[in-house]
Amino acid sequence: MRVVNRTPYDTRALRRIAVTVHRVMARHEGRLRSWRSLRVLVQTRRPRLFDNAVSGYATYDGSRIVLCLPHPKHGPLAAARVARLVEHELYHCYGYRHGRFTEQPAEWWAQHVGQENVPLRQVQARPVRDLVGERRAKAERYLRQWERRLKLAQTKVKQYRRRVRYYERARPILAAAEGQV
(Lines give C-alpha, C1' and ligand atoms only; values in the text may rest on other atoms or scores of the structure.)
Protein backbone atom coordinates (compact mmCIF):
# COMPACT_ATOMS: atom_id res chain seq x y z
CA MET A 1 0.00 0.00 0.00
CA ARG A 2 1.28 3.42 -0.88
CA VAL A 3 0.10 6.66 0.68
CA VAL A 4 0.39 9.85 -1.36
CA ASN A 5 -0.11 12.67 1.10
CA ARG A 6 -0.95 16.18 -0.09
CA THR A 7 -2.02 17.48 3.30
CA PRO A 8 -0.22 19.01 6.28
CA TYR A 9 -0.92 15.82 8.26
CA ASP A 10 1.86 13.36 9.07
CA THR A 11 2.15 10.66 6.41
CA ARG A 12 3.38 7.98 8.80
CA ALA A 13 0.41 8.51 11.09
CA LEU A 14 -2.02 8.27 8.16
CA ARG A 15 -0.32 5.10 6.92
CA ARG A 16 -0.41 3.59 10.41
CA ILE A 17 -4.16 4.23 10.62
CA ALA A 18 -4.79 2.64 7.20
CA VAL A 19 -2.68 -0.43 8.03
CA THR A 20 -4.42 -0.87 11.39
CA VAL A 21 -7.86 -0.64 9.80
CA HIS A 22 -6.94 -3.19 7.14
CA ARG A 23 -5.48 -5.54 9.75
CA VAL A 24 -8.71 -5.38 11.80
CA MET A 25 -10.91 -5.81 8.73
CA ALA A 26 -8.81 -8.72 7.44
CA ARG A 27 -9.85 -10.76 10.47
CA HIS A 28 -13.39 -11.15 9.13
CA GLU A 29 -13.09 -10.12 5.44
CA GLY A 30 -9.71 -11.63 4.63
CA ARG A 31 -6.76 -9.77 3.21
CA LEU A 32 -7.62 -7.36 0.41
CA ARG A 33 -6.43 -8.84 -2.90
CA SER A 34 -5.17 -5.49 -4.16
CA TRP A 35 -3.51 -4.49 -0.85
CA ARG A 36 0.01 -4.47 -2.28
CA SER A 37 -0.97 -2.27 -5.21
CA LEU A 38 -3.41 -0.09 -3.27
CA ARG A 39 -2.83 3.65 -3.69
CA VAL A 40 -4.28 5.96 -1.06
CA LEU A 41 -4.35 9.62 -2.06
CA VAL A 42 -4.92 11.94 0.90
CA GLN A 43 -5.88 15.51 0.13
CA THR A 44 -7.61 18.41 1.82
CA ARG A 45 -11.19 19.29 1.06
CA ARG A 46 -12.06 22.43 -0.79
CA PRO A 47 -12.05 25.23 1.76
CA ARG A 48 -15.48 26.03 3.12
CA LEU A 49 -16.31 28.12 6.12
CA PHE A 50 -16.45 25.97 9.28
CA ASP A 51 -16.18 22.75 7.28
CA ASN A 52 -14.66 19.95 9.35
CA ALA A 53 -16.19 17.01 7.44
CA VAL A 54 -14.30 14.02 6.03
CA SER A 55 -15.17 12.31 2.78
CA GLY A 56 -13.66 10.05 0.21
CA TYR A 57 -14.24 7.66 -2.63
CA ALA A 58 -12.82 4.38 -3.84
CA THR A 59 -13.19 2.11 -6.83
CA TYR A 60 -15.22 -1.08 -6.40
CA ASP A 61 -12.92 -4.11 -6.40
CA GLY A 62 -10.20 -1.59 -7.17
CA SER A 63 -6.90 -0.43 -5.90
CA ARG A 64 -7.43 3.30 -5.49
CA ILE A 65 -8.74 5.30 -2.56
CA VAL A 66 -9.03 9.07 -2.23
CA LEU A 67 -9.47 10.53 1.26
CA CYS A 68 -10.56 14.14 1.60
CA LEU A 69 -9.70 15.54 5.02
CA PRO A 70 -10.42 19.00 6.41
CA HIS A 71 -7.63 21.52 6.65
CA PRO A 72 -6.06 21.75 10.14
CA LYS A 73 -7.17 25.37 10.42
CA HIS A 74 -10.71 24.03 11.00
CA GLY A 75 -9.56 22.23 14.15
CA PRO A 76 -7.92 18.96 15.15
CA LEU A 77 -8.78 15.75 13.33
CA ALA A 78 -9.41 12.62 15.41
CA ALA A 79 -7.64 9.49 14.26
CA ALA A 80 -10.85 7.49 14.86
CA ARG A 81 -12.71 9.61 12.27
CA VAL A 82 -10.01 8.90 9.70
CA ALA A 83 -10.10 5.19 10.61
CA ARG A 84 -13.85 5.07 10.07
CA LEU A 85 -13.44 6.76 6.69
CA VAL A 86 -10.69 4.33 5.68
CA GLU A 87 -12.92 1.42 6.76
CA HIS A 88 -15.76 2.70 4.58
CA GLU A 89 -13.53 3.09 1.52
CA LEU A 90 -11.84 -0.27 2.08
CA TYR A 91 -15.26 -1.92 2.04
CA HIS A 92 -15.70 -0.49 -1.45
CA CYS A 93 -12.31 -1.93 -2.43
CA TYR A 94 -13.54 -5.30 -1.14
CA GLY A 95 -16.42 -4.95 -3.60
CA TYR A 96 -19.26 -3.94 -1.27
CA ARG A 97 -21.77 -1.27 -2.17
CA HIS A 98 -23.62 0.97 0.27
CA GLY A 99 -26.08 -0.89 2.45
CA ARG A 100 -24.22 -4.18 2.09
CA PHE A 101 -21.77 -3.61 4.94
CA THR A 102 -21.93 -2.41 8.51
CA GLU A 103 -19.43 0.14 9.72
CA GLN A 104 -18.07 0.37 13.21
CA PRO A 105 -18.63 3.65 15.07
CA ALA A 106 -15.79 6.07 15.61
CA GLU A 107 -15.68 5.21 19.34
CA TRP A 108 -14.96 1.57 18.43
CA TRP A 109 -12.12 2.64 16.14
CA ALA A 110 -10.72 4.86 18.89
CA GLN A 111 -9.91 1.67 20.83
CA HIS A 112 -7.81 0.39 17.91
CA VAL A 113 -6.10 3.51 16.59
CA GLY A 114 -6.08 5.59 19.78
CA GLN A 115 -7.86 8.64 21.12
CA GLU A 116 -5.31 11.16 19.89
CA ASN A 117 -5.59 13.51 16.95
CA VAL A 118 -3.73 13.00 13.69
CA PRO A 119 -0.42 14.86 14.11
CA LEU A 120 0.77 17.47 11.68
CA ARG A 121 3.91 17.07 9.63
CA GLN A 122 7.04 18.44 11.26
CA VAL A 123 8.34 21.30 9.19
CA GLN A 124 12.10 21.07 8.99
CA ALA A 125 13.91 24.37 8.94
CA ARG A 126 15.97 24.80 5.84
CA PRO A 127 19.56 25.85 6.38
CA VAL A 128 20.12 29.53 5.72
CA ARG A 129 22.11 29.95 2.54
CA ASP A 130 24.59 32.74 1.99
CA LEU A 131 23.50 33.55 -1.56
CA VAL A 132 25.77 36.58 -1.86
CA GLY A 133 28.76 34.51 -0.81
CA GLU A 134 27.84 31.67 -3.18
CA ARG A 135 27.44 34.07 -6.10
CA ARG A 136 30.71 35.83 -5.28
CA ALA A 137 32.56 32.49 -5.18
CA LYS A 138 31.06 31.59 -8.56
CA ALA A 139 32.06 34.97 -10.00
CA GLU A 140 35.61 34.55 -8.66
CA ARG A 141 35.82 31.07 -10.20
CA TYR A 142 34.70 32.40 -13.60
CA LEU A 143 37.12 35.33 -13.29
CA ARG A 144 40.06 32.95 -12.73
CA GLN A 145 38.91 30.83 -15.66
CA TRP A 146 38.65 33.78 -18.04
CA GLU A 147 41.94 35.34 -16.84
CA ARG A 148 43.61 32.02 -17.64
CA ARG A 149 42.05 32.06 -21.11
CA LEU A 150 43.14 35.69 -21.54
CA LYS A 151 46.72 34.80 -20.62
CA LEU A 152 46.64 31.88 -23.04
CA ALA A 153 45.26 34.16 -25.78
CA GLN A 154 47.95 36.80 -25.11
CA THR A 155 50.64 34.11 -25.30
CA LYS A 156 49.25 32.86 -28.62
CA VAL A 157 49.10 36.44 -29.97
CA LYS A 158 52.80 36.95 -29.07
CA GLN A 159 53.74 33.64 -30.67
CA TYR A 160 52.00 34.42 -33.96
CA ARG A 161 53.33 38.02 -34.05
CA ARG A 162 56.86 36.61 -33.82
CA ARG A 163 56.07 34.16 -36.60
CA VAL A 164 54.64 36.95 -38.83
CA ARG A 165 57.74 39.14 -38.16
CA TYR A 166 59.95 36.20 -39.06
CA TYR A 167 58.24 35.74 -42.42
CA GLU A 168 58.24 39.50 -43.09
CA ARG A 169 62.02 39.59 -42.56
CA ALA A 170 62.51 36.34 -44.46
CA ARG A 171 60.54 37.43 -47.55
CA PRO A 172 63.30 39.54 -49.18
CA ILE A 173 65.86 36.84 -48.44
CA LEU A 174 63.64 34.12 -49.92
CA ALA A 175 62.79 36.29 -52.95
CA ALA A 176 66.51 36.87 -53.63
CA ALA A 177 67.24 33.17 -53.26
CA GLU A 178 64.46 32.28 -55.74
CA GLY A 179 65.86 34.72 -58.30
CA GLN A 180 69.35 33.15 -58.18
CA VAL A 181 68.18 29.70 -58.91
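Refer to the structure presented above.
Definitions and cut-offs
Residues numbered from 1 in each chain as written. Predicted model: local features only at pLDDT ≥ 70, side-chain atom pairs only at ≥ 80, totals over all residues. Heavy atoms only, no water. Helix = DSSP H or I, 4+ residues; strand = E, 2+ residues; numbered from the N terminus. Expected span 1.5 Å × (residues − 1). Buried < 20%, exposed > 50% of the residue type's maximum accessible area, 1.4 Å probe, protein only. Salt bridge = Lys/Arg side-chain N within 4 Å of Asp/Glu carboxyl O. Pairing = 2+ DSSP bridges. Axes fitted to C-alpha atoms, helices over the stretch in contact; angles between N-to-C directions. Contact = heavy atoms within 4.5 Å.

**A look at helix α2 (residues 79–94)**
For step 1, the next point in the chain: Here α2 contains 16 residues, and its C-alpha end-to-end distance of 22 Å stays within 8% of the 22 Å for a straight helix at 1.5 Å per residue.
For step 2, the next point in the chain: Counting buried residues in α2 gives 14 out of 16 residues, a clear majority hidden from the surface.

**A few points about the pattern of salt bridges**
For step 1, the next point in the chain: The full count for this structure, using the stated rule, is three salt bridges.
For step 2, the next point in the chain: The partner of arginine 129 in a salt bridge is glutamate 134, and the shortest N-O contact between them spans 2.8 Å.
For step 3, the next point in the chain: Taking relative accessible area as the criterion, arginine 129 reaches 59% and is therefore assigned exposed.
For step 4, the next point in the chain: A residue is classified by how much of its surface remains accessible, and glutamate 134, at 38% relative accessible area, is partly exposed.
For step 5, the next point in the chain: One salt bridge in this structure joins glutamate 140 and arginine 136, with 2.8 Å as the shortest N-O distance. Linking glutamate 140 with arginine 136, this pair stays in helix α4 (residues 131–180), spanning four residues, or about one helical turn.
For step 6, the next point in the chain: For glutamate 140, a relative accessible area of 36% translates into the label partly exposed.
For step 7, the next point in the chain: By relative accessible area, arginine 136 is classed as exposed at 58%.

**Comments concerning the sheet that holds strand β2 (residues 39–44)**
For step 1, the next point in the chain: Strand order in the open sheet made by the four strands is β1-β2-β4-β3, with mixed pairing throughout. Of all strands in the sheet, those with a lone pairing partner are β1 (2–5) and β3 (55–58), marking the two edges. Pairs of neighbouring strands in the sheet enclose a mean axial angle of 15°, with direction left out of account.
For step 2, the next point in the chain: Relative to strand β4 (residues 64–69), β3 is paired through four bridges, and the arrangement is antiparallel. When the sheet's bridge partners are listed, alanine 58 is paired in β4 with isoleucine 65.
For step 3, the next point in the chain: The sheet strands contacting helix α1 (residues 11–29) are β1, β2 and β4, and the helix crosses β1 at an angle near 140°.
For step 4, the next point in the chain: Contacting β3 and β4, α2 runs over the sheet at an angle of about 155° to β4.

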